Amino acid sequence: MKRLELILPNQIRKFSLVSIAGIILIAVIGWWLSANQPEITNLDSSKIYEQRVNHSPDGIGKYYMGREIAKVMGHTGAGWLERPSRELEEQPSKIVSALDLKPNDVVADIGVGTGYLSFLIAPLLTQGKVLAVDIQPEMLEIIQDSKQKKKITNVEPILATIDNPNLPAQSIDLALMVDAYHEFAYPYEVMQGIVKALKPGGRVVLVEYRGENPFIMIKNLHKMTQKQVQKEMQAVGLAWRETKNLLPQQHLMVFAKQASQ
């Protein structure tokens, strides 16, 4: 019994040392793998989407990088975009201020909807313009009517397709997507088109309801986490620059086109 009492503590110490060494080794290996993992910048678009039969009623059953793509809000929801309470609830004027626009900038408002943000931005671009991009002709008709009523001439409607923003190469300084990206049926292809359209050093700004917060009363598929957005932007080679936490319910995330692109 005495011998057992003498040996047992040594065995425990040896076991503890082995366990600690194993944990350290696993941690070092994990760090090395993450540090040496190549960036995903040239995905095979034919293999990046997954279609599932059982899915959320708010989604299209198509998954991208683990995220189900949300259904598009149709033009019949235009009234919600123009609701009088929008400034109080979302504070879009703060979005415009945070963009740090120059008078000669060309801004692409992707998934523009009724042009709510475009018409806030346009007066600041005294030598530039807003390209109002949407896949719904009905939304662009609303924008055309608003241009005449507001007498704003530097908002240019552009009809996109579900996989192409239809923007010329190196033509824009900023691509803005406000509560739109999560609905893109072909996010990888659209973002590739946006990256090509950016001028050297051009920026991408995404505004999305915070997916990390379950208390924000928006359907889950219409929210995104910072981690997910960063992963998807990295897939097309965009580098995260900052996240501005100035909105009541949404992330404002800034990415930049890299010099090599």
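See above for the structure.
These notes cover the structure that comes with them. (Residues numbered from 1 in each chain as written. Predicted model: local features only at pLDDT ≥ 70, side-chain atom pairs only at ≥ 80, totals over all residues. Heavy atoms only, no water.)

## Some thoughts on the side chain of Lys-257
Following the sequence through the fold, Lys-257 ends up in the segment after β11 (250-256). For the buried Lys-257, no salt bridge exists, and the shortest N-O distance to an oppositely charged side chain is 11 Å, to Asp-173. In terms of polar contacts, Lys-257 uses its side chain to reach the backbone carbonyl oxygen of Val-195, at 2.9 Å. (Helix = DSSP H or I, 4+ residues; strand = E, 2+ residues; numbered from the N terminus. Buried < 20%, exposed > 50% of the residue type's maximum accessible area, 1.4 Å probe, protein only. Lys, Arg positive; Asp, Glu negative; His and termini not counted. Salt bridge = Lys/Arg side-chain N within 4 Å of Asp/Glu carboxyl O. Polar contact = N/O pair within 3.5 Å; in protein donor to acceptor, adjacent residues only side chain to side chain.)

## Overview of the side chain of Asp-105
When you line up the elements, Asp-105 lands in the loop between α4 (92-98) and β4 (106-110). Notably, Asp-105 is buried but unbridged: the nearest opposite-charge side chain belongs to Arg-203, and the N-O separation is 4.7 Å. Side-chain polar atoms of Asp-105 contact the backbone nitrogen of Lys-102, separated by 2.8 Å.

## Section: the packing of aromatic side chains
Tallying each qualifying case throughout the model produces 3 aromatic pairs. When the centroid spacing of 5.5 Å and the interplanar angle of 45 degrees are considered together, the rings of Tyr-49 and Tyr-64 count as tilted. One end of the pair, Tyr-49, is in strand β1 (residues 49-51); the other, Tyr-64, is in strand β2 (residues 59-64), with 15 residues separating them in the sequence. Each ring, one from Tyr-49 and one from Tyr-186, has its centre 5.8 Å from the other, and the planes form 85 degrees; the classification is edge-to-face. Of the two residues, Tyr-49 is situated in strand β1 and Tyr-186 in the loop between β7 (172-178) and α7 (187-197); the sequence distance between them amounts to 137 residues. Grouped by ring-pair contacts, the aromatic residues Tyr-49, Tyr-64 and Tyr-186 constitute a single cluster. (Phe/Tyr/Trp six-rings, centres within 6.5 Å; stacked < 30°, edge-to-face > 60°.)

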